[in-house]
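# A look at the structure
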Amino acid sequence: MTSVAPSLPPLDITRAPEGGEIGPIQSGWRLAAREFAKNRLAIIGLAILVFFVIFCFLGPLIYHGNVINSNLAATNLPPVVGHPLGTTNQGFDELGLLMTGGQASLEVGFCAAFIGIVIGAIVGAVAGLVGGFIDSILMRLVDVFLSIPILFVVLIIAVRYGASVLGLSAIIGCYTWLVPARLVRGEVLTLRERDFVAAARIAGASRRRLIARHLIPNALGVMIVNVTFNVADAILLVAALGYLGFGLHYPTQDWGDMLSNGIQYMQDGYWWLVYPVGACIVVVVMACNLIGDALRDSLDVRLRRR
Amino acid sequence: MTGYLIRRIGASIVVVIGVSIFVFLLLHIIYPSPAIDVLGPRSTPVAIKAWNKAHGFDRPWIVQYWSYIVGVLHGNLGYSYKLNQSVAALFNERWARSAYLSGISLVLAILIAFPVGIYQAVRRNTLGDNIVTSLAFVTYAMPVFFLALILIQVFALSLPIFSFEASQSTNVLYVMGDWHAMTLPVATLTLISVASYSRFMRSTAIDTLAQDYIKAARAKGLPEKLVLWRHLVRNACLPMVTLIGLSIPFLLAGNLITESVFNYQGLGFLFYTSLTSVDYPVLLAYTLVGAILTVVGNLVADIALTVADPRIRLA
């Protein structure tokens, strides 16, 4: 990106300390962290994500909304004292549901992205390092999977085997390793030819040391950026699944289920069943995308998604 | 160039074969035989076995795969025992409606996203750019169905301009003319695509603006208008061709959700109803068709790029 300002202040020789560390000589990670911290949007995104993790996982410890027992005496209440965001058609507390539903959405998002990146890193590293026949087989496999719309396959499997947080994460994770595998493979292929790897090899570094000390840390940037985007995509995918009615099953609900439930009452004007949860999905996904964009800029990986 | 094209087509054929094997195995593992659907849930195991033998569902999967492929090549995509109709007939009834919805949305998205992205790149970091970027960012993070619902709430319920349901006509020509009913579904799909295309277009155009040939064009005194039209637009559009090819799976997924939100009788809606009735032959056939469409779309995009970009053509 050409619009990015030069990442380092020009070195002022007159004021540079004599000896010792001068500014620019820092590890790549620290530079990246500094670059990231300078990006205001990224910090906002990170704050939003942290807020939602606390809200969803610690919130239920403080706020005890009824999300388990249906209460027919208090259905579809607008926001009132005791129910800050109203109640659903079964008398569940909407704010409480927002917390537990968020747990499911975030869990699936993070688990799926984690599974995806682990498989992707392994496949990509093997393809890049071994090369030859295995490489072409693995990459054709990636092509095949990338051609099949993920929503279709996930829906078919979810219909047959039912959906749980772990199951959904596994299905989505087994499908989102494709792009990371390609990226890691590309990264490994270029890294393999770089001088510092050759130098390490000449210095007698073992194969394991090469992988652990040089290849993985250098390919990590690509992977981290990809994880954040995958979290966002997985959350959206689970929401779509929930909306279509093939998501998680009661009593586990995710934000998509809640939206799908609230939509039935849209014409009645029960806005509290639709907009808070919709806003949650949009804001969390946006936060992930912001973080991903900023990470990409700061780690300067050749990943184009914008 | 011929060599490149042959290699590219060969790779696509390999991928299509891989896709068909995967899709068939998926069907074979989760739905080995339609016997239960035909004979009913109270049929005896003996009857099921006899039916399987009579209809060839007890053969090894590779043999069944072969007869499935032969069938597909002859236009036989399977048989829906739930709807008692061949899948090909079901698709034949609906594909035009889906093609119309997806096609017009894609065209509109391209027509909107290209100029918007170029405008943003040229007027980078101005108020206009920031507003469009933020809008695109929010839309990009929005589930398709949520966007559709907001549009319904605003333009069909609060301000009753459009219908909240897509056209129910079976005649595509009538559907095309029914703007009252079709505006919202088309707008939903278009907006979703515009969000991602314009973001991509903006960054490609920014990259292009930094190239030396733009500097050279400006340095030799070419009017800015010509610099933009002759050098920026033509070069920045090239990566978009690839992106559009790659975005077909997302188009199909968006199509599925939009059709089910607006109750539009297309292929996506058929997929959705088949999910509820657990009608695997339809599900698998549409997945296969979607995957083949994706492969063909990528191939067409690559070929178009070869034609458009002399750097590839001459290489």
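Residues numbered from 1 in each chain as written. Chains lettered and ligands numbered in written order. Predicted model: local features only at pLDDT ≥ 70, side-chain atom pairs only at ≥ 80, totals over all residues. Heavy atoms only, no water.

### A closer look at the overall build of chain A
Filter applied, for reference: A run of H or I in DSSP counts as a helix once it spans at least four residues, and a run of E counts as a strand once it spans at least two, with each numbered from the N terminus. Type-normalised accessible area, obtained with a 1.4 Å probe on protein chains alone, sets the label of each residue: buried when under 20%, exposed when over 50%, and partly exposed for intermediate values. To be clear on the numbers: accessible area is Shrake-Rupley with a 1.4 Å probe, and residue cover counts the displayed protein chains and nothing else.
Scanning chain A for helices and strands turns up 12 helices and 0 strands. Scanning chain A from its N terminus toward the C terminus, one meets helices and strands in the order α-α-α-α-α-α-α-α-α-α-α-α. Here chain A, with 306 residues, has 49% of them falling under the buried criterion. Of the roughly 14,600 Å² that chain A leaves accessible, carbon and sulfur atoms contribute 65%.

### With respect to the interface of chain B and chain A
Stated precisely, the cut-off is as follows: Here a residue-residue contact requires only that any non-hydrogen atoms of the pair lie within 4.5 Å. Once two parts are brought into contact, the accessible area they lose, counted with a 1.4 Å probe and summed over both, makes up the buried area. When a carboxyl oxygen of Asp or Glu lies within 4 Å of a side-chain nitrogen of Lys or Arg, that pair is called a salt bridge. Residues adjacent in sequence count toward polar contacts only when both atoms are side-chain atoms; beyond that, a polar contact is any pair of N or O atoms within 3.5 Å, and within protein one must be able to donate a hydrogen and the other to accept it. Classification used: nonpolar for Ala, Val, Leu, Ile, Met, Phe, Trp, Tyr, Cys and Pro, charged for Asp, Glu, Lys and Arg, polar for all others including Gly.
Between chain B and chain A, the contact holds 50 residues from the first and 44 residues from the second. The largest contributions to the chain B side of the interface with chain A come from B:Phe137, B:Phe145 and B:Phe146, which together make up 14% of the buried area. For the pair chain B and chain A, the interface holds 1 salt bridge. For the salt bridge of B:Arg199 with A:Asp293, the shortest nitrogen-to-oxygen distance reads 3.8 Å. Taken together, the connections running from chain B to chain A amount to 1 residue pair in polar contact (both at pLDDT 80 or more). When contributions to the side of chain B that touches chain A are tallied by element, the ones reaching two or more residues are α1 (2–30), α6 (127–140), α7 (144–158), α9 (179–209), α12 (248–262), α13 (267–276) and α14 (280–308) of chain B. Here the residues of the side of chain B that touches chain A are counted per class, giving 38 nonpolar, 8 polar and 4 charged.

### A closer look at the confidence of the model for chain A
Residue and element names in this part refer to chain A. Definition in use: Per-residue confidence from the predictor is reported as pLDDT, which spans 0 to 100.
Mean pLDDT over chain A stands at 78; residues scoring 70 or higher make up 85%. Of all helices and strands in chain A, the one with the weakest mean pLDDT is helix α1 (residues 28–38) (72), whereas helix α5 (residues 132–147) scores best (87). Across residues 1–6, where pLDDT falls below 50, the model places 8 contacts with residues more than four positions away in sequence or in other chains.

### Considering helix α11 (residues 224–246) of chain B
Residue and element names in this part refer to chain B. Counted only if it meets this: Multiplying one less than the number of residues by 1.5 Å gives the expected span of a helix. At every residue, the bend is computed as the angle between two fitted axes, covering the seven residues ending there and the seven beginning there respectively.
Between its terminal C-alpha atoms α11 stretches 32 Å, which fits the 33 Å expected from 23 residues at 1.5 Å a residue. A maximum bend of about 35° is found in α11 at Leu 232. All of the buried residues along α11 are Val 227, Leu 228, His 231, Leu 232, Val 233, Ala 236, Cys 237, Leu 238, Met 240, Leu 243, Ile 244 and Gly 245.

### Looking at the side chain of B:Ser198
Locating B:Ser198 in the fold gives a position in helix α9. Every residue in contact with B:Ser198, bar those within four places of it in the chain, is listed here: B:Ala113, B:Val116, B:Gly117, B:Gln120 and B:Ala136.

### Quick word on the pattern of salt bridges
Note on pairing: side chains with opposite charge can pair once their charged atoms come close. Residues and elements named next belong to chain B. A full pass over the atoms with the stated rule returns 11 salt bridges over all chains. A salt bridge links Arg 8 to Asp 302, with the shortest nitrogen-to-oxygen separation between them at 2.4 Å. Placement of the pair is Arg 8 in helix α1 and Asp 302 in helix α14, with a sequence separation of 294 residues. For the residue pair Arg 8 and Asp 302, the accessibility class agrees, reading buried in each case. Of the charged contacts, one joins Glu 224 and Arg 218 as a salt bridge, the two residues approaching to 2.8 Å between their closest N and O atoms.

### Here's the deal with the nonpolar core
Spelled out, the test is: Buried Ala, Val, Leu, Ile, Met, Phe, Trp, Tyr and Cys residues that are joined via side-chain atoms within 4.5 Å together make up what is termed a nonpolar core.
Residues A:Leu98, A:Leu151, A:Leu155, A:Trp255, B:Phe91, B:Phe145 and B:Phe271 are the most contacted members of the largest nonpolar core, which totals 130 residues. The biggest single contributor to this core is helix α10 (residues 207–244) of chain A, with 14 residues. In this structure B:Phe271 touches A:Phe152, A:Leu155, A:Ile156, B:Leu256, B:Leu283, B:Tyr286 and B:Thr287, once residues within four positions along its chain are discounted. Grouped together as the second largest cluster of nonpolar side chains are 24 residues, B:Leu222, B:Leu228, B:Cys237 and B:Met240 included.

### Describing the side chain of B:Thr188
Inspection of the secondary structure assignment puts B:Thr188 in helix α9. Residue contacts for B:Thr188: discarding those within four places in its chain leaves B:Val144, B:Leu147, B:Ala148, B:Leu151, B:Thr258 and B:Phe262.

### With respect to a nonpolar patch on the surface
All names here are of chain A. Short version of the rule: Only residues whose relative accessible area exceeds 30% and that take part in no salt bridge are eligible for patches, with like-charged residues grouped when within 9 Å of each other and nonpolar side chains (Val, Leu, Ile, Met, Phe, Trp, Tyr) grouped when within 5 Å.
Residues Leu 46, Val 50, Val 53, Ile 54, Phe 57, Leu 58, Leu 61, Ile 62 and Phe 110 make up a contiguous nonpolar surface patch of about 820 Å² in total accessible area. Counting residues per element, the ones that place at least two in the nonpolar patch are α2 (40–57) and α3 (59–62). Here the nonpolar patch gets 5 residues from one element, more than from any other, and that element is α2. Note on placement: Phe 57 falls in helix α2. With a relative accessible area of 33%, Phe 57 lands in the partly exposed category.

### Things to note about unusual backbone geometry
All names here are of chain B. For Asn 84, which is not glycine, the phi torsion reads 55° and is therefore positive. Along the chain, Asn 84 turns up in the loop between β1 (79–80) and β2 (85–86). On the accessibility criterion, Asn 84 (55% relative accessible area) is exposed. With a phi angle near 50°, Val 278 is a residue other than glycine that sits in the positive phi range.

### Some details on helix α5 (residues 87–122) of chain B
The terminal C-alpha atoms of α5(B), which comprises 36 residues, lie 49 Å apart, in line with the 52 Å expected from a rise of 1.5 Å per residue. The sharpest bend along α5(B) measures roughly 45° and falls at B:Arg94.

### Examining the state of the cysteines
Residues and elements named next belong to chain A. This is how it is decided: In plain terms, two cysteine sulfur atoms within 2.5 Å form what is called a disulfide here.
With the rule as written, the count across this model stands at 0 disulfides over all chains. In this structure Cys 111 is a free cysteine whose sulfur lies 12 Å from that of Cys 174, the closest cysteine sulfur available. Using a relative accessible area of 29% as the deciding quantity, one classes Cys 111 as partly exposed.

### Some words on the packing of helix α4 (residues 94–130) of chain A against helix α12 (residues 275–299) of chain A
Residue and element names in this part refer to chain A. Note the cut-off: Working convention: axes come from line fits to C-alpha atoms, limited for helices to the stretch in contact. Angles between N-to-C directions cover 0 to 180 degrees. Working definition: roughly parallel below 35 degrees, roughly antiparallel above 145 degrees, roughly perpendicular at 65 to 115 degrees, and oblique for all remaining angles. Put simply, a crossing is left-handed when the front helix is turned counterclockwise from the back one by less than a right angle, and right-handed when it is turned clockwise.
It is the contact of α4 with α12, at a shortest axis distance of 11 Å, that shows an interaxial angle of 30°. Relative to α12, the element α4 is oriented roughly parallel. Between α4 and α12 lies a crossing of right-handed hand. Contacts between α4 and α12 involve Glu 94, Leu 98 and Leu 106 on the former and, on the latter, Pro 276, Val 277, Cys 280 and Val 284.

### A few points about the packing of α9(B) against α12(B)
All names here are of chain B. With their axes 10 Å apart at the nearest point, α9 and α12 run at an angle of 150° to one another. With respect to α12, the axis of α9 lies roughly antiparallel. For the pair α9 and α12, the crossing hand works out as right-handed. For the pair formed by α9 and α12, the contact residues are Leu 184, Pro 185, Thr 188, Leu 189 and Ser 193 on the first element and Leu 251, Gly 254, Asn 255, Thr 258 and Phe 262 on the second. In terms of residue class, the contact of α9 with α12 is made up of 5 nonpolar, 5 polar and no charged.

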